[in-house]
Amino acid sequence: MRTKNRKVAPPVSTPRVNVVTLGCSKNIHDSEVLMGQLKGNQMEVVHEASNIQANDIVVINTCGFIDNAKQESIDTILQYSALKEEGKINKVIVTGCLSERYKPELQSEISNVDAYFGTNDLPELLTTIGADYRHELLGERLLSTPSHFSYFKIAEGCNRPCSFCAIPLMRGKHVSKSIDDLVKEAKFLASNGTKELILIAQDLTYYGLDIYGKRNLADLLRYLSDVEGIEWIRLQYAYPSGFPMDILDAMNERSNICNYLDMPLQHISDSMLKSMRRGTTKQKQIDLVNQIRDKVPDIALRTTLICGYPGETEQDYNEMLEWVEETRFDRLGCFTYSHEEKTHAHTLTDDVPQQEKESRVEQIMEVQQGISYEINQEKIGQTFKVLVDRVDGSYFIGRTEYDSPEVDNEVVLDAKTDYVRIGDFVEVKVERAEDFDLYGKVIK
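Residues numbered from 1 in each chain as written. Predicted model: local features only at pLDDT ≥ 70, side-chain atom pairs only at ≥ 80, totals over all residues. Heavy atoms only, no water.

Student: It is not clear to me how the overall build of the chain should be interpreted in this structure. Could you clarify?
Tutor: Looking only at helices and strands, one finds 13 helices and 18 strands in the chain. Relative to the globule expectation of 22 Å for 444 residues, the C-alpha radius of gyration of the chain, 24 Å, shows essentially globular dimensions. For the chain, the C-alpha atoms occupy an extent of roughly 90 × 60 × 45 Å along the three principal directions. Residues counted as buried form 53% of the 444 residues belonging to the chain. For the chain, the accessible surface area stands at approximately 20300 Å², while carbon and sulfur atoms represent 48% of it. (Helix = DSSP H or I, 4+ residues; strand = E, 2+ residues; numbered from the N terminus. Rg over C-alpha atoms; globule rule 2.2 N^0.38 Å. Buried < 20%, exposed > 50% of the residue type's maximum accessible area, 1.4 Å probe, protein only. Areas by Shrake-Rupley, 256 points an atom, 1.4 Å probe, with all protein chains shown as cover.)

If you want it as structure tokens, here you go:
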């Protein structure tokens, strides 16, 4: 017997999770771990998809470090909560540093967000989405970067007492990952095409003290260096106080550990370093830079500085400017001081006007631009191993071992004459140079 006009229920649309990442490379890593877990739960997951869908669950991984980053995070939450109100997406979930730091305020001010989570709430976040935290996926990630390089987080949190920094409030105390777990993760990444590991943590040089009773970064580097398929290992965020010189021995021993070190020094004036609670002095920092360069003469040193910290006098600033001119860092970033709640520096008077802060930053960056130009001019005629990152119009863009993605110099190749593949290493002879770009040809 046939039933007439039987209605067929429409198919149930399974939710898609769209992960939006804000802030630093550590947030990129955390988003990739989240996406790996979701994929392991057989869920559809995308990263920062432009084509929004009505069944989307949007997870926003926020930054709460300084004022500009906090504002970007809030604007992004408001943008997606408005889309939810309009019925264009299904749910909005917020995680990361901003919601770790300001969860009650956010819940009060932006109440139509479905859930707020902190930096260490991954299992609870997954449960809310309808997934389970799977321990067997340890070390497995869904990369949001090009597959040939990966940000590789070796520790979480920070034990340093820096007066201006809110990271310990959001990320907690330093917790190192074990060498065994990190080697397992490196092997997984290498098996999926990763050639460069960019080691990140709030403080790389503290690695191992909590679980091995000693600074153990050098041993970790050697184990990672042995992983087949890893051709570059890069160090970011090394703290100057208590710097373990044996990592430079590992750098000299192993050709796949890049001659590159990112070591944020923040200032050079003794009065500023003391107020910042950096645990070092002007002379110690000068000596450390000289010792590093003596031990690895070919090293590229990157640092970051802060202008306009409370009490920074014209003399303090001029001392830092003169030091930048004399030291000639290969790479340098400079930022205006941000007065962060619940930090020690917040008890001080934020007494340098914003315009003066910005003027000081601009002057230092102008000096650094000239230094970078001069250093790059010396590279003309030299040949470098270059990792090809992307295509930009009619050019391929790559990097040398002395450059990290996003923040450092780039190598530009004319795609009309040099056809290469993204993710390949090529030998490039530099033909001309600008302040932050090298232009060259592939040596066949």
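Student: Is there a simple way to explain the packing of aromatic side chains in this structure?
Tutor: The geometry of an aromatic ring pair is captured by the separation of the ring centres together with the interplanar angle, meaning the angle of the planes. As enumerated under the stated definition, the model contains seven aromatic pairs in all. With a centroid separation of 5.3 Å and an interplanar angle of 75°, the aromatic rings of W323 and F329 are classed as edge-to-face. Residue F329 is classed as buried on the basis of its relative accessible area of 1%. Here the aromatic rings of F396 and Y419 are separated by 5.6 Å at their centres, their planes lie at 80°, and the arrangement is edge-to-face. Here F396, found in strand 15 (residues 395-399), pairs with Y419, found in the loop between strand 16 (410-414) and strand 17 (425-433); they are 23 residues apart in sequence, far enough to count as distant. For F396, a relative accessible area of 5% corresponds to the buried category. A cation sits over an aromatic face here: K26 above Y237, 3.9 Å from the ring centre. For the cation-ring pair, R234 lies above Y260, with the distance from its terminal atom to the ring centre recorded as 4.7 Å. (Phe/Tyr/Trp six-rings, centres within 6.5 Å; stacked < 30°, edge-to-face > 60°. Lys NZ or Arg CZ within 6 Å of the ring centre and 35° of its normal.)

Student: So what exactly am I meant to see when it comes to the confidence of the model for the chain here?
Tutor: Keep in mind that low pLDDT regions are not for reading the predicted coordinates in detail. Overall, the predicted model of the chain reaches an average pLDDT of 91, with 97% of residues at or above 70. When mean pLDDT is taken per element in the chain, helix 8 (residues 217-225) scores highest with 98 and helix 5 (residues 167-171) scores lowest with 81. (pLDDT = per-residue confidence, 0-100.)

Student: Sorry, what's going on with the UniProt feature "domain: MTTase N-terminal" (unreviewed entry) in the chain here?
Tutor: The positions UniProt marks with the feature "domain: MTTase N-terminal" (unreviewed entry) are residues 15-135. Within the segment residues 15-135, helix and strand shares are 46% and 21% respectively, and the terminal C-alpha atoms sit 23 Å apart. (UniProt positions renumbered as here; feature names shortened; annotations may be inferred.)

Student: It is not clear to me how the pairing of strand 17 should be interpreted in this structure. Could you clarify?
Tutor: Along a regular strand, successive side chains alternate from one face of the sheet to the other. As paired strands, strand 14 (residues 383-392) and strand 17 are joined by five bridges and run antiparallel to one another. Each bridged residue has a counterpart across the sheet, and for L387 the counterpart in strand 17 is F425. Counting the residues between successive antiparallel strands, the hairpin from strand 17 to strand 18 (residues 437-442) contains three residues. (Pairing = 2+ DSSP bridges.)

Student: Can you walk me through the sheet that holds strand 18 in this structure?
Tutor: One key point about sheets: their strands pair by backbone hydrogen bonds, in either a parallel or an antiparallel sense. Strand order in the closed barrel formed by five strands is 14-15-16-18-17, and the pairing between neighbours is mixed. For this sheet, the mean angle separating the axes of adjacent strands, direction not counted, is 55°. Note: strand 14 against strand 15, five bridges, orientation antiparallel. Looking across to strand 15, one finds that V388 is bridged to G398. (Axes fitted to C-alpha atoms, helices over the stretch in contact; angles between N-to-C directions.)

Student: Explain the environment of N51 here, please?
Tutor: Position of N51 among the secondary structure elements: in the loop between strand 2 (44-47) and strand 3 (56-62). Residue N51 is classed as partly exposed on the basis of its relative accessible area, which comes to 43%. Excluding residues within four positions of it along the chain, N51 makes contact with R16 and D56. (Contact = heavy atoms within 4.5 Å.)

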